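# Summary of structural features
These are the residues of each chain, in order.
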Amino acid sequence: MDELPPTAVHPVSIDGRQTEAADGETVLALLLAHGHRAICSTDRGQTYGAFCGMGVCYSCCVRVDGISRQRACQVLVSPGMQIETRQHELAESPAE
Amino acid sequence: MTPAPSTTLCPTIIGGGPAGFHAAVQFAELGWRSRVIDESPAFGGAIYRAPSQPGLEQSMDAKTQGKVASYRALYARHEEQIEFLGGTQLLGPVDGAKTLGILSQGHFSSLTYDHLLVCTGCFERAQPFPGWTLPGVMTVGGLQLLVKQGGVRPCDSAVLVGTGPLLLIAARQLHNAGIEIQGVFESGRRLDLLKRIPGLLHGVDLLAEGMGCLAFLRQKGIPVHFGWGIVEARGDGELSEVVVAPYDRQWRPIRERAKSFQVSGAGIEYGFESRSELTRLLGLEHIEDEESGSLPMSDPWGRASKPGIYVAGDGVGVDGAQVAELQGRLAALACLLDAGALEEQEAHRLVSPLRRQIQRRQTFRRAFFDFSRRRRGLLELPSDDTLICRCEAVERRQIDQAIEQGARDLTTLKMVTRIGMGDCQGKMCGSFCAQYLRYKTGTRDVGHLSARFPLAPLPFSALAGQGEDR
């Protein structure tokens, strides 16, 4: 009765690998806790990490449950969430 | 004053940070409902938002914890009167009078307002320099947010570089979170600050906090250098090294005396910019402020240039959270007075102490302006291949080429190079590009990057029928 109740955890996956995330955690905090900093690949060939931490720079975009351009710093984890880092939105050109 | 039961006055407040929240509280204290819209799941803004993770609050520093708790208590007291629409992005005006498009949980909808209070706050300026786009380089506020609200250490070691009191406050917070702060580098000169003591005395408590931070850092052996600034960040795919140097009077690095630090993190802060995207979309009049950027014009009570619209907080000029709280209350009182819900005498009685306090705090903040004023050396920091626009990966050399070809305003620069066309809508690159254009061409008025609807990326799926699942 004197202990704090344990924080709820949710099963999530990062780039196909299963792991756990704390309830209320942002995707960015989760990724950083796992040592992933270079997480956002743009269609212009750059790979960025979080810059502003507050949702204005769009440098921390990852794919969440198949949807691209999700700002990792704004999205809260949910059970079964599939997070993919370094995903371009445009398909690679087959000619190159 | 008891409101008439049949009243429909319910102002809409954009932004639930210190200004917006206190506007809502002020309405509630006088018996009026309001509706607050914020992108985040909780009010408080970047500075005082409670962490979404339960239990993290205990690891915040005492002052922040106290503020978070006081906000929670205030909200609990007035919950009945405040409708909080969290997780909601404001897209801008849509067809129809006084109608705004919003995006929430992937669904687009619209809301109409009768009275609107815009309290959209500010963001930390992006200062380009070689290597600034390496993962690991962040704004100082970004590092703070991850530690304060994210419960994570974004790096093991860091340097903080830039200007203004935030550097010291953040250094202490980050140190306490277990990050090795190898140095704090303030580009302003100590002498410039000492000259401002009279102004600084208008905020004795804040001055004491700053001195306390300095003493703390000294006690922990964390070096604080005045008159030093950023030169370069290096690393192979990620940040591993930061180069700083003493700055001359124009903030140009004296490279022969540069020092390098092996760190995995860097917080770089060279000022703040008010968020004026919405106020510009609303067609309000603006003025240009050297420190804060485009600011919606307002009278001393916070009335904007169109009736029924009020502005408060860092979005009207970056004066900090305390001023924002006071301005939020002030704007709410102006709104009630204008709506006939408050008597003139009562309004003045409530407003006078607010305006006195605002003035004192602003005098304090403005004492820093000359000390922290960005000098032209910052415009010369980027190399040819330094990215200026992150979203569209535009290098400085491309901007130089556009200028050679005759570009003299931001809109032309945007058309030619694509700066400002990405997701951030020019928030990261716009201010630098404007200053760079002025600097390189001598043109005074380089115009603006037009704010356009939608203010946030709007997926087509959000426009699918209401209530339809993906």
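Structure: above.
Residues numbered from 1 in each chain as written. Chains lettered and ligands numbered in written order. Predicted model: local features only at pLDDT ≥ 70, side-chain atom pairs only at ≥ 80, totals over all residues. Heavy atoms only, no water.

### What about helix α1 (residues 18-29) of chain B?
Residues and elements named next belong to chain B. For clarity, the cut-off: Only DSSP runs of H or I with at least four residues qualify as helices, and only runs of E with at least two residues qualify as strands; both kinds are numbered from the N terminus onward. One fewer than the residue count of a helix, multiplied by 1.5 Å, yields its expected span. Residue burial is assigned from relative accessible area. The probe radius is 1.4 Å, only protein chains are included, and a residue is buried under 20% of its type maximum, exposed over 50%, and partly exposed in between.
For α1, spanning 12 residues, the distance from its first C-alpha to its last is 16 Å, which sits close to the expected 16 Å at 1.5 Å a residue. Most of α1 sits inside the fold, with 11 of its 12 residues counted as buried. The set of residues buried in α1 consists of Pro 18, Ala 19, Gly 20, Phe 21, His 22, Ala 23, Ala 24, Val 25, Gln 26, Phe 27 and Ala 28. Of the residues flanking the end of α1, it is Gly 31, one or two places downstream, whose phi is positive at about 90 degrees.

### Quick look at the sheet that holds strand β20 (residues 309-311) of chain B
The strands making up a sheet associate through backbone hydrogen bonding, with each pair oriented either parallel or antiparallel. All names here are of chain B. To keep it simple, the criterion reads: The pairing criterion is simple: DSSP has to find at least two bridges between the two strands. Axis geometry follows a simple rule: fit a line to the C-alpha atoms, using only the stretch in contact for helices, then measure angles between N-to-C directions, giving values from 0 to 180 degrees.
Spatially, five strands are ordered β3-β2-β1-β7-β20 in an open sheet, and the strand pairing comes out parallel. Looking at which strands have only one partner, the edges of the open sheet turn out to be β3 (82-85) and β20. Averaged over neighbouring strand pairs, the angle between their axes works out to 20 degrees when direction is ignored. Sheet analysis places strand β7 (residues 116-118) next to β20, joined by three bridges and oriented parallel.

### Section: the environment of Val 64 of chain A
Residues and elements named next belong to chain A. Keep this limit in mind: In what follows, a contact means two residues having at least one pair of non-hydrogen atoms within 4.5 Å.
In this structure, Val 64 sits in strand β5 (residues 61-64). Overall, Val 64 belongs to the buried group, its relative accessible area being 7%. Sequence separation between Val 64 and Gln 82 is 18 residues, and the spatial gap between their C-alpha atoms is 5.7 Å. For Val 64, the contacting residues outside a window of four places in its chain are Gln 70, Met 81 and Gln 82.

### Topic: the interface of chain A and chain B
Operational definition: What gets called buried area is simply the loss in accessible area from a 1.4 Å probe that two parts show on being joined, summed for both. By definition here, a salt bridge exists when the distance from a side-chain nitrogen of Lys or Arg to a carboxyl oxygen of Asp or Glu is within 4 Å. Polar contact criterion, stated in full: a pair of N or O atoms within 3.5 Å, where within protein one must be able to donate a hydrogen and the other to accept it, and residues adjacent in sequence count only if both atoms are side-chain atoms. Here the term charged refers only to Asp, Glu, Lys and Arg, the term nonpolar to Ala, Val, Leu, Ile, Met, Phe, Trp, Tyr, Cys and Pro, and the term polar to all other amino acids, Gly among them.
Tallying the contact residues gives 30 residues for chain A and 43 residues for chain B. Note on chain A versus chain B: buried area summed over both sides is about 3000 Å², and carbon and sulfur give 57% of it. Linking chain A to chain B there are four salt bridges. Two residues, Arg 44 of chain A and Glu 392 of chain B, come together in a salt bridge whose shortest N-O distance is 2.8 Å. Put simply, chain A and chain B have nine residue pairs in polar contact (both at pLDDT 80 or more) between them. When residues of the side of chain A that touches chain B are traced back to their parent elements, those giving at least two are α1 (27-33), β4 (47-48) and β6 (67-71) of chain A. The element best represented in the side of chain A that touches chain B is α1 of chain A, accounting for four residues. Across the side of chain A that touches chain B, the residue classes break down as 16 nonpolar, eight polar and six charged.

### A few points about the sheet that holds strand β15 (residues 259-261) of chain B
Residue and element names in this part refer to chain B. The sheet built from three strands is open, its strands ordered β13-β14-β15 with antiparallel pairing. Two strands in the sheet have a free side with no partner beyond their single neighbour: β13 (228-234) and β15. Direction aside, neighbouring strands of the sheet carry axes that sit 25 degrees apart on average.

### Observations concerning the packing of helix α12 (residues 396-404) of chain B against helix α14 (residues 430-441) of chain B
Residue and element names in this part refer to chain B. Selection criterion: Here the angle decides the label: under 35 degrees means roughly parallel, over 145 means roughly antiparallel, 65 to 115 means roughly perpendicular, and every other value means oblique. The handedness criterion is simple: a crossing whose near helix is rotated anticlockwise from the far helix by less than a right angle is left-handed, and one whose near helix is rotated clockwise is right-handed.
As a packed pair, α12 and α14 sit with axes 11 Å apart at the nearest point and diverge in direction by 50 degrees. The orientation of α12 with respect to α14, classified from their angle, is oblique. For the pair α12 and α14, the sense of crossing is right-handed. In this structure, α12 contributes Arg 396, Ile 399, Asp 400 and Ile 403 to the contact, and α14 contributes Cys 433, Tyr 436, Leu 437, Lys 440 and Thr 441. Taken together, the residues of the contact of α12 with α14 sort by class into five nonpolar, one polar and three charged.

### Some points on the pattern of salt bridges
A full pass over the atoms with the stated rule returns 27 salt bridges over all chains. Residues Asp 423 of chain B and Arg 69 of chain A are paired through a salt bridge, measuring 2.5 Å at the closest nitrogen-oxygen approach. With Asp 423 of chain B in the loop between α13 (410-417) and α14 and Arg 69 of chain A in strand β6, this residue pair bridges two chains. The shortest N-O distance in the salt bridge between Asp 370 of chain B and Arg 373 of chain B comes to 3.3 Å. Using a relative accessible area of 31% as the deciding quantity, one classes Asp 370 of chain B as partly exposed. A residue is classified by how much of its surface remains accessible, and Arg 373 of chain B, at 31% relative accessible area, is partly exposed.

### Structural notes on the packing of helix α4 (residues 140-148) of chain B against helix α5 (residues 166-176) of chain B
Residues and elements named next belong to chain B. Contact geometry for α4 and α5: axes closest at 10 Å, N-to-C directions at 30 degrees. The pairing of α4 with α5 is recorded here as roughly parallel in orientation. Note that α4 runs across α5; the crossing there is left-handed. Contacts between α4 and α5 pair Val 140, Gly 141, Leu 143, Gln 144, Val 147 and Lys 148 from the former with Leu 166, Leu 167, Ile 169, Ala 170, Gln 173 and Leu 174 from the latter. Split by residue class, the contact of α4 with α5 holds eight nonpolar, three polar and one charged.

### Things to note about the nonpolar core
Heads up, the rule is: To qualify as a nonpolar core, a set must consist of buried Ala, Val, Leu, Ile, Met, Phe, Trp, Tyr and Cys residues joined through side-chain atoms within 4.5 Å.
One finds Val 27 of chain A together with Ile 230, Ile 399 and Ile 419 of chain B to be the most contacted residues of the largest nonpolar core, which totals 102 residues. Apart from the residues lying within four places of it in its own chain, the contact partners of Ile 230 of chain B are Phe 129, Val 161, Val 242, Val 243, Val 244, Tyr 247, Ile 268, Tyr 270 and Leu 381 of chain B. Leu 9, Leu 74, Phe 84 and Ala 331 of chain B belong to the second largest nonpolar core, which has 41 residues in total.

Read these as layout, nothing more, since geometry by itself doesn't imply function.
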